[in-house]
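# Understanding the architecture of this molecule
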Amino acid sequence: MIRVENVNKFFGDVHVLKDVNLTVEEGEKLVIIGPSGSGKSTLIRCMNYLEEPTSGKVYIDDVELTHKNKTEMARKCSSMVFQQFNLYPHMTVLGNLTLAPIKLQGVPKEKAIEDAYGYLERVGLRHKADAYPQNLSGGQQQRVAIARALATKQKIILFDEPTSALDPEMVQEVLDVMVELSKENITMICVTHEMGFARQVADRVIFMDGGTIIESGTPDHFFENPQNERTKSFLSKILR
């Protein structure tokens, strides 16, 4: 579903991604972990060309992403859930969910509204359809953001540290929605520090540090028998 080949990314003189290679299968649940500044978020943003690689190639469904086709491919293939929710503050919850299907995908308004109510039901927020984002808690806003991603009916959902901006008491309500979502045949790629979520949901975990993939394996491999010393050091601190 996604193939990353020899991707490098520079921000000025800073070499953020260094010859990264990665393949993600259709329906796979991939969790990316690592310390801050390791390149995790940059990698996931390169997967939908929110960040354009300095060199290397990214393929979605065997189609190479380019500067020219990135908008079309994003509409067709992937949606993203951000750290800071990125909801439109001047639009209601329902408006946030129906905007892309109507404007970008040509879904009839009545159908888009019907679908939006269904996705809000799934994240437990149907009763907030007419609310504005500023009147929701952080956890509710992030659940709306997930419902918005679902409303575009894409094959791939990218999650960039979806719980990092939340108060601890709100984290679980978002993770619960993501756990339920993981049971479906959606390709999910999640950058997170939530190790319990990784253990429960991931088909595969990759550990990044210094702009490279240091280690890759199943959750059992990572949390029971990591091989790389840098991985062991990171996990020993984060799993205390």
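See the structure shown above.
Notes on the structure follow. (Residues numbered from 1 in each chain as written. Predicted model: local features only at pLDDT ≥ 70, side-chain atom pairs only at ≥ 80, totals over all residues. Heavy atoms only, no water.)

Attention now goes to the environment of lysine 153. Within the element layout of this structure, lysine 153 appears in the loop between α5 (138-151) and β7 (156-160). Sequence separation of lysine 153 and lysine 76 is 77 residues, and the distance between their C-alpha atoms is 8.9 Å. When sequence neighbours within four positions are dropped, the list of residues in contact with lysine 153 reads Lys111, Asp115 and Tyr119. Looking at lysine 153, its side chain comes within polar contact range of the side chain of aspartate 115, at 2.9 Å. (Helix = DSSP H or I, 4+ residues; strand = E, 2+ residues; numbered from the N terminus. Contact = heavy atoms within 4.5 Å. Polar contact = N/O pair within 3.5 Å; in protein donor to acceptor, adjacent residues only side chain to side chain.)

This next bit is on the pairing of strand β4 (residues 55-60). Pairing geometry for strand β1 (residues 2-11) and β4, over five bridges, is antiparallel. The residue of β4 that forms the bridge with glutamate 5 is lysine 57. Following β4, the chain reverses through two residues before pairing antiparallel with strand β5 (residues 63-64); aspartate 61 in that reversal takes a positive phi of roughly 55°. (Pairing = 2+ DSSP bridges.)

This part covers the packing of helix α4 (residues 109-122) against α5. For any two helices packed against each other, one specifies the crossing angle of their axes together with the interaxial distance. For the pair α4 and α5, interaxial distance at closest approach is 9 Å and the crossing angle is 135°. The angle between α4 and α5 places the two elements in the oblique class. Judged by the sense of rotation from one axis to the other, the crossing of α4 with α5 is right-handed. Residue-level inspection shows Tyr119, Leu120 and Arg122 of α4 in contact with α5, the latter providing Ala147, Leu150 and Ala151. (Axes fitted to C-alpha atoms, helices over the stretch in contact; angles between N-to-C directions. Parallel < 35°, antiparallel > 145°, perpendicular 65-115°, else oblique. Left-handed = near helix turned anticlockwise from the far one by under 90°.)

Here we come to the layout of surface pockets. When its volume is computed, the largest pocket comes out at roughly 720 Å³. Lining the largest pocket are 26 residues, and of these Ser78, Ser79, Met80, Ala100 and Leu104 lie nearest its centre. With five residues, helix α3 (residues 93-103) is the largest single contributor of residues to the lining of the largest pocket. In terms of residue class, the lining of the largest pocket is built from 14 nonpolar, nine polar and three charged. (1 Å grid on protein atoms, 1.4 Å probe; cavity = no way out; pocket = protein on both sides within 12 Å on 5 of 7 lines; lining within 4 Å. Points joined across faces, edges and corners; volume = space filled by probe spheres on them. Nonpolar A, V, L, I, M, F, W, Y, C, P; charged D, E, K, R; others polar.)

Turning to the pattern of salt bridges, a few remarks are in order. Applying the stated criterion across every chain yields a total of 15 salt bridges. Arginine 122 is paired through a salt bridge with glutamate 184; the nearest N and O atoms lie 2.2 Å apart. Residue arginine 122 is located in helix α4, and its partner glutamate 184 is located in the loop between α6 (168-181) and β8 (187-191); the two are separated by 62 residues in the primary sequence. Judged by its relative accessible area of 31%, glutamate 184 falls in the partly exposed class. Across the pair glutamate 180 and lysine 183 runs a salt bridge whose closest N-O atoms are separated by 2.9 Å. A relative accessible area of 46% means that glutamate 180 is categorised as partly exposed. A single salt-bridge network, built from bridges that share partners, covers Arg3, Glu5 and Asp62. (Salt bridge = Lys/Arg side-chain N within 4 Å of Asp/Glu carboxyl O. Buried < 20%, exposed > 50% of the residue type's maximum accessible area, 1.4 Å probe, protein only.)

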